[in-house]
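Now for the letters of each chain:
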Amino acid sequence: MISHGLTRLSLRVRGKLTCILTTMTSIGTGYDLSASTYSPDGRIFQVEYANKAVENSGTAIGLRVKDGVVLAVEKLIHSKLLVPGANRRIQTVDRHIGMASAGLLADSRKISQLARDSGAQTRKQWKEPLTVKALSDTVSWNAQTYTLYSSVRPFGVSTIFGGVDKSGPSLYIVEPSGVCLGYHGAAVGKGRQLAKTELEKLKLSELSMREAVMEAARIIYLVHDDNKEKEFELEMTWVGVESNDLHLPVPADLLEEAKKKAKDALETFE
Amino acid sequence: MDHFPTNWGRPRNDAFDAYATYPIHQRPYNGPKDTFADGVQRTQQPIVTGTSVLAIKYKDGVMMAADNLASYGSLARFKDVQRLHQVGNYTVIGAGGDMSDFQYIQYILEELSIDEISAQDGHELGPIEIHEYMSQLMYARRSKMNPLWNSLLIGGFKDGKRFLSYVDLLGTTYSASTLATGYGAFIAQPLLRKAVEGREDVITEEEARKILEDSMRVLFYRDARSMNKFQIATISSAGVSISDSMQLETAWSFAENIRGYGAQTQ
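Residues numbered from 1 in each chain as written. Chains lettered and ligands numbered in written order. Predicted model: local features only at pLDDT ≥ 70, side-chain atom pairs only at ≥ 80, totals over all residues. Heavy atoms only, no water.

### As for the sheet that holds strand 3 (residues 90–94) of chain A
Strand pairing in a sheet relies on backbone hydrogen bonds, with the paired strands running either antiparallel or parallel. All names here are of chain A. Spatially, 3-4-5-6-7 is the arrangement adopted by the five strands of the open sheet, whose pairing is antiparallel. Two strands in the sheet have a free side with no partner beyond their single neighbour: strand 3 and strand 7 (180–182). Strand-to-strand, the axes of this sheet are offset by a mean angle of 25 degrees, without reference to chain direction. Here strand 4 (residues 97–103) pairs with strand 5 (residues 157–165) via seven bridges, running antiparallel. Bridged to Ala102 within strand 5 is Ser158. (Pairing = 2+ DSSP bridges. Helix = DSSP H or I, 4+ residues; strand = E, 2+ residues; numbered from the N terminus. Axes fitted to C-alpha atoms, helices over the stretch in contact; angles between N-to-C directions.)

Structure below.
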């Protein structure tokens, strides 16, 4: 009896060890072949791989402040042959809503198309502009659908939706799993940990949009890893009182000022 | 079993030509029918209508005027309708004719504008593009025998150039330095031409406003579907501005001297 009990115990220990190993690789177990299959410990590996695709991408952040929303992206430039400003990662969904994404750019194009259709649909049916909450709900519902079938893969993007609607400034993230949550400060992509730490230090609900632009630029410059990464472009847009509630690029002069301040702040940091 | 005695002894279907006695092209069709085929009706007349729109070119751009009335036949039904509509940052579109069709046009143009904004390609729609789009839309609809029952004036100012052009329910287009739709095309157009033609680069904003106000006054006196409450849109390098509704001074003392119809016996 005793020896039997011991055998079972050791098996369980081995089982646990295997589990830890699969956390790191999980390759060859067969549970990662399809988004429609759980692993025995209740995970869906395809969704986690999709998150890896997000983590490989340059950081995107969003700040929901007193009178608007600011979106900023660290767009890594993988070739010097690219035209400056090409492959935008912040897109306009509707007059009053923008989205910044981290992950597979092609997937984010599909999401923006979906989002725009949703805006058009709402206007047609209700004769009023879409709210950011309703939009993120629609998109997340769709993203979730892509975690259910073996014939499809989940979206390889985390998307930050920011805008101003009848309930004021709003900011949401939709993840590959289909999770959708509202935030005061949002960060996705490679440098999200450090960015979140920086965002937490700010009093976001008291910041003006202009201050938020400065902070956003500073954070993007801070999280960019000079040693590891190549060049990057700072993309930044805003929606709120400063832009007459339209989703527009931050004016060039303000962007330059923010960049300069960000570089200065970088030298004094740590 | 046919339970109607009146049908007994008769062919089951008079339309069915069992012995092919009809020439082929007259042979009765006995297949499935669209019950509602005769029920489909296209717009044959406008219902709730706006009357004239006036527009002129002047020194700094284009100025347009239209009153706030939407009539239901001869009834002055809605008195707070805005018939001048801004599209994008450079264009105003003024509509006469069916107001529900105009509202539909506004919706279409709103969708178009948002599509253009979200393209983020550095291009913006100007009056030329919007006029071309509307002319294609109006002509396509008339070709489907289902026109949008409007006459539209499209005016704008972009890249230092003013633009003023017309398009109607048939898809007909033309441009001139003065344009008028509806009753105004008969009553106001000659007045506008006299005041504006040849002087497009001289007329100041105040002068242009006066020209339009004078024509609107004449129209109010003459056009039984008009109203003394109207708006003026100015489109210049400063952008688009559509005024609040305003009224004109009119005098009706001459009315009692009119003879020939009405209650008087003399």
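Following the structure, the description resumes.
### Thoughts on the interface of chain A and chain B
Contact with chain A, which involves eleven residues of that partner, is made by nine residues of chain B. Approximately 930 Å² of surface area, both sides summed, lies buried where chain A meets chain B, with 46% of it carried by carbon and sulfur atoms. In this structure, the connection of chain A to chain B is made through two salt bridges. For Glu110 of chain B, the salt bridge identified is with Arg123 of chain A, shortest N-O distance 3.3 Å. Put simply, chain A and chain B have five residue pairs in polar contact (both at pLDDT 80 or more) between them. Of all the secondary-structure elements, those providing two or more residues to the side of chain A that touches chain B are strand 3 and helix 3 (105–126) of chain A. Broken down by element, the side of chain A that touches chain B gets its largest block of residues, five residues, from strand 3 of chain A. (Contact = heavy atoms within 4.5 Å. Buried area = accessible area lost by both parts, 1.4 Å probe. Salt bridge = Lys/Arg side-chain N within 4 Å of Asp/Glu carboxyl O. Polar contact = N/O pair within 3.5 Å; in protein donor to acceptor, adjacent residues only side chain to side chain.)

### Topic: the pairing of strand 6 (residues 168–174) of chain A
On a regular strand, one side chain projects to one face of the sheet and the next to the other, so that they alternate. Residues and elements named next belong to chain A. Along strand 6, seven of the seven residues are buried, which leaves the element largely enclosed by surrounding structure. Sheet topology note: the strand 5/strand 6 ladder contains seven bridges and is antiparallel. The residue of strand 6 that forms the bridge with Thr159 is Val174. Count of turn residues in the strand 5/strand 6 antiparallel hairpin: two residues. As judged from the three bridges shared by strand 6 and strand 7, these two strands associate in the antiparallel manner. If you follow Ile173 over to strand 7, its bridge partner there is Leu181. Linking strand 6 to strand 7, which pair antiparallel, is a turn of five residues; within it Gly178 sits at a positive phi near 100 degrees. (Buried < 20%, exposed > 50% of the residue type's maximum accessible area, 1.4 Å probe, protein only.)

### A look at unusual backbone geometry
All names here are of chain A. Despite not being glycine, Asn87 has its phi angle at roughly 55 degrees, a positive value. Within the secondary structure, Asn87 is located in the loop between strand 2 (68–76) and strand 3. Of note, Lys127 is a non-glycine position whose phi angle comes to about 55 degrees, a positive value. Here Lys127 lies in the loop between helix 3 and helix 4 (132–145).

### Topic: helix 4 (residues 205–222) of chain B
Residue and element names in this part refer to chain B. Compared with the 26 Å implied by 1.5 Å per residue over 18 residues, the 26 Å span of helix 4 between its first and last C-alpha is a close match. Of the residues making up helix 4, those classed as buried are Ala208, Ile211, Leu212, Ser215, Met216 and Leu219. Viewed end-on, helix 4 has its buried residues packed into an arc of 130 degrees, placing them on one side of the element. (Expected span 1.5 Å × (residues − 1). Arc of directions from axis to C-beta.)

### Regarding the environment of Pro84 of chain A
Looking at where Pro84 of chain A falls in the secondary structure, it is placed in the loop between strand 2 and strand 3. For the pair Pro84 of chain A and Glu233 of chain A, spaced 149 residues apart in sequence, the C-alpha separation works out to 8.3 Å.

### Thoughts on the packing of helix 3 (residues 184–196) of chain B against helix 4 of chain B
Residues and elements named next belong to chain B. Relative orientation of the contacting elements helix 3 and helix 4 amounts to 155 degrees, with a least axis distance of 10 Å. In terms of their interaxial angle, helix 3 and helix 4 are classed as roughly antiparallel. The chirality of how helix 3 crosses helix 4 is right-handed. Residue-level contacts link Gly184, Ile187, Ala188, Leu191, Leu192, Ala195 and Val196 of helix 3 to Ile211, Leu212, Ser215, Val218, Leu219 and Arg222 of helix 4. (Parallel < 35°, antiparallel > 145°, perpendicular 65-115°, else oblique. Left-handed = near helix turned anticlockwise from the far one by under 90°.)

### Things to note about the pattern of salt bridges
Counted under the stated rule, the structure contains 25 salt bridges over all chains. Here Arg95 of chain A makes a salt bridge to Glu110 of chain B, at a shortest N to O gap of 2.8 Å. Of this pair, Arg95 of chain A sits in the loop between strand 3 and strand 4 while Glu110 of chain B sits in helix 1 (residues 99–119), which puts the two residues in different chains. Residue classification places Glu110 of chain B among the partly exposed residues on the basis of a relative accessible area of 25%. Three or more residues are tied together by salt bridges with common partners; here these are Asp94, Arg95 and Arg123 of chain A together with Glu110 of chain B.

### Section: the packing of helix 3 of chain A against helix 4 of chain A
Residues and elements named next belong to chain A. Two numbers describe how helix 3 lies on helix 4: the axes approach to 10 Å, and their chain directions differ by 130 degrees. Judged by the angle between their axes, helix 3 and helix 4 are oblique. Where helix 3 crosses over helix 4, the handedness of that crossing is right-handed. Of the residues in helix 4, those in contact with Ile111, Leu114, Ala115 and Ser118 of helix 3 are Leu135, Thr138, Val139 and Asn142. Considering only residue class, the contact of helix 3 with helix 4 consists of five nonpolar, three polar and no charged. (Nonpolar A, V, L, I, M, F, W, Y, C, P; charged D, E, K, R; others polar.)

### Considering the confidence of the model for chain A
Atomic detail in the predicted coordinates should be set aside for any region of low pLDDT. Looking at chain A as a whole, its pLDDT mean stands at 90, while 89% of the residues score no less than 70. Considering only residues more than four positions removed or in separate chains, one finds that residues 1–22 of chain A, a stretch of pLDDT under 50, has three contacts. (pLDDT = per-residue confidence, 0-100.)

### A short note on the UniProt feature "domain: Proteasome alpha-type subunits" (unreviewed entry) in chain A
With numbering matched to this structure, UniProt assigns "domain: Proteasome alpha-type subunits" (unreviewed entry) to residues 31–53 of chain A. Segment residues 31–53 of chain A splits into 39% helix and 0% strand. End C-alpha atoms: 19 Å apart. (UniProt positions renumbered as here; feature names shortened; annotations may be inferred.)

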